[in-house]
Amino acid sequence: MTDSAERDAAEEASAFSHPPVTPDATAAYGSHPDQVVDFYTSRDGNNAAPLVVLLHGGAWRAPYDRTHLTPFADFLARRGFVVANVEYRRGSLLPQQGGDAPVAGRWPDTFDDVAAALDALPALVRDAVPHADPRRTVLAGHSAGGHLALWAAGRHVLPEGSPWRTPRPAPLRGVVAMAPIADFAKALELDVCGGAVLQLLGGKGELAARAPHADPAALLPTGIATVVVQGREDIVVPQAVAEAYVDAAAKAGETVGLTLLDDVGHFPLIDPAADACAVVAEEIAQLAY
């Protein structure tokens, strides 16, 4: 085992070692069991707390649900945010779990769900966490969830005729994408997460038709303040993917912030025990306030 692999395994073990945190409220945005949002109230009693909308990672695959992000959601709630932790439909089971293949995501269900959740959130927030201030909403996601966060923020620039296109930008203060699968061309080149991008899109035969509707690097400029936080030692979604997205934004005339963290891999960004997690929270606060 290489030093990088050992580091990654240790960081993953730490991030996943925290017990799940029960939400303060849960609301459905659809009829499927995965179409739910968990809410965490701000722990400081703030009656106008910023809202952080979280999208979890896991390569869009079924074994990884929102549960592993609940300690991070609680971490943010303890720093004065109201948090909405969004679940969405993901791919099938891995072979060792009885599935046919390690399929990442479902087309179009994964995108249908994220779009529906974001559209439903204003009403859900009013009912579940009325002390949240939706005027100060920051969208955040980790890994595959970082992809979905960037994608959701770019729905207004989706191709004409896309079922997820919106007539105007989402009312966001900004987006914080943590080690996102942000540029599909670079992710394909590096075979990120064992071919997850191709699986998400339905295979090579669908790549050309579907990528323009799903690749954040194709949805630029968004006009929404965006920051990417990336560990330099990340071997799951390497730094080159984040840099490709930032470069694509620059070519489109938009500046995307890139915060690179030394001696940090993929998982410390969502690990409350890691210093990197506090950096992420500060980036969110900079946009929210």
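This text follows the structure it describes.
Everything in this summary refers to the structure shown in the same document. From a predicted model like this one, the values you see are computed outputs, not experimental measurements.

1. Considerations on the overall build of the protein chain
Helix and strand content of the protein chain: nine helices and eight strands. Whereas a compact globule of 289 residues would reach a radius of gyration of roughly 19 Å, the protein chain reaches 17 Å, a difference of no more than 12%. Taken along its principal axes, the extent of the C-alpha atoms in the protein chain is 50 × 45 × 40 Å. Taking all 289 residues of the protein chain together, 55% fall into the buried category. Long-range contacts, defined here as pairs at least 24 residues apart, represent 77% of the contacts in the protein chain between residues at least 6 apart. For the protein chain, the accessible area works out to roughly 11,500 Å², and carbon and sulfur atoms hold 51% of it.

2. Some details on the state of the cysteines
For the structure shown, the criterion picks out zero disulfides. Free cysteine Cys193: the closest other cysteine sulfur is in Cys277, separated by 20 Å.

3. Here we look at the packing of aromatic side chains
Following the criterion strictly, the structure yields eight aromatic pairs and no others. Taking the centre distance of 5.3 Å and the plane angle of 35° together, the rings of Phe111 and Trp164 count as tilted. Taken as a pair, Phe111 in helix H3 (residues 109-128) and Trp164 in the loop between helix H4 (144-153) and strand S6 (174-178) lie far apart in primary sequence, 53 residues in all. For the pair Phe111 and Trp164, a shared accessibility class is recorded, and that class is buried. Grouped by ring-pair contacts, the aromatic residues Trp107, Phe111, Trp151 and Trp164 constitute a single cluster.

4. Observations regarding the pattern of salt bridges
Under the definition given, this model contains 17 salt bridges. A salt bridge links Arg78 to Asp74, with the shortest nitrogen-to-oxygen separation between them at 2.8 Å. Classification of Arg78 by relative accessible area gives exposed; the value is 59%. You can call Asp74 buried: its relative accessible area is 10%.

5. Concerning the sheet that holds strand S8 (residues 257-261)
The eight strands lie next to each other as S1-S2-S4-S3-S5-S6-S7-S8, forming an open sheet whose pairing is mixed. Single-partner strands in this sheet number two, and they are strand S1 (25-28) and S8. For this sheet, the mean inter-axis angle between neighbouring strands, taken without regard to orientation, is 20°. Relative to strand S2 (residues 36-40), S1 runs antiparallel, the two sharing four bridges. When the bridges of S2 are listed, Ala25 appears paired with Phe39. Each of strand S3 (49-55), strand S5 (132-142), S6, strand S7 (226-231) and S8 is contacted by helix H9 (residues 275-288), which is oriented at about 165° to S6, the strand it contacts most.

6. A few points about the environment of Pro268
As for its position among the elements, Pro268 is in the loop between S8 and H9. By relative accessible area, Pro268 is classed as buried at 9%. Here the alpha-carbon distance between Pro268 and Gln35, two residues 233 residues apart in the chain, equals 27 Å. Setting aside anything within four residues of it in sequence, one finds Pro268 in contact with Glu11, Ala274, Ala276 and Cys277.

7. Re helix H1 (residues 3-15)
Under the 1.5 Å per step criterion, the end-to-end length of H1 is 18 Å for 13 residues, consistent within 8% with the ideal 18 Å. All buried positions along H1 are accounted for by Asp8, Glu11 and Ala15. Along the axis of H1, the buried positions cluster into a sector of 70°, meaning they face one direction only.

8. Structural notes on the pairing of S6
Of all the five residues making up S6, five are buried; the element is thus mostly covered by neighbouring parts of the structure. The alternating pattern of S6 places Gly174, Val176 and Met178 on one face and Val175 and Ala177 on the opposite face, and all of these are buried. Pairing of S5 with S6, which is carried by five bridges, proceeds in the parallel orientation. In the sheet register, Ala140 faces S6, and the bridge partner there is Val176.

9. Regarding the packing of H3 against H4
At a minimum axis distance of 11 Å, the contact between H3 and H4 shows a crossing angle of 60°. The orientation of H3 relative to H4 falls into the category oblique. Like other packed secondary-structure pairs, H3 and H4 cross with a definite hand, here right-handed. Two secondary-structure elements touch here, H3 through Thr110, Phe111, Val114, Ala115 and Leu118 and H4 through His147, Leu148, Trp151 and Ala152. Here the contact of H3 with H4 is composed, by residue class, of seven nonpolar, two polar and no charged.

10. A closer look at the environment of Leu69
Position of Leu69 relative to the elements: it lies in the loop between S3 and helix H2 (70-77). Among the residues examined, Leu69 registers a relative accessible area of 1% and is labelled buried. In contact with Leu69, not counting residues within four places along its chain, are Leu54, Leu55, His56, Asn85 and Ile270.

Reading the values: rules and limits
- Residues numbered from 1 in each chain as written.
- Predicted model: local features only at pLDDT ≥ 70, side-chain atom pairs only at ≥ 80, totals over all residues.
- Heavy atoms only, no water.
- Helix = DSSP H or I, 4+ residues; strand = E, 2+ residues; numbered from the N terminus.
- Rg over C-alpha atoms; globule rule 2.2 N^0.38 Å.
- Buried < 20%, exposed > 50% of the residue type's maximum accessible area, 1.4 Å probe, protein only.
- Contact = heavy atoms within 4.5 Å.
- Areas by Shrake-Rupley, 256 points an atom, 1.4 Å probe, with all protein chains shown as cover.
- Disulfide = S-S within 2.5 Å.
- Phe/Tyr/Trp six-rings, centres within 6.5 Å; stacked < 30°, edge-to-face > 60°.
- Salt bridge = Lys/Arg side-chain N within 4 Å of Asp/Glu carboxyl O.
- Pairing = 2+ DSSP bridges.
- Axes fitted to C-alpha atoms, helices over the stretch in contact; angles between N-to-C directions.
- Expected span 1.5 Å × (residues − 1).
- Arc of directions from axis to C-beta.
- Parallel < 35°, antiparallel > 145°, perpendicular 65-115°, else oblique.
- Left-handed = near helix turned anticlockwise from the far one by under 90°.
- Nonpolar A, V, L, I, M, F, W, Y, C, P; charged D, E, K, R; others polar.

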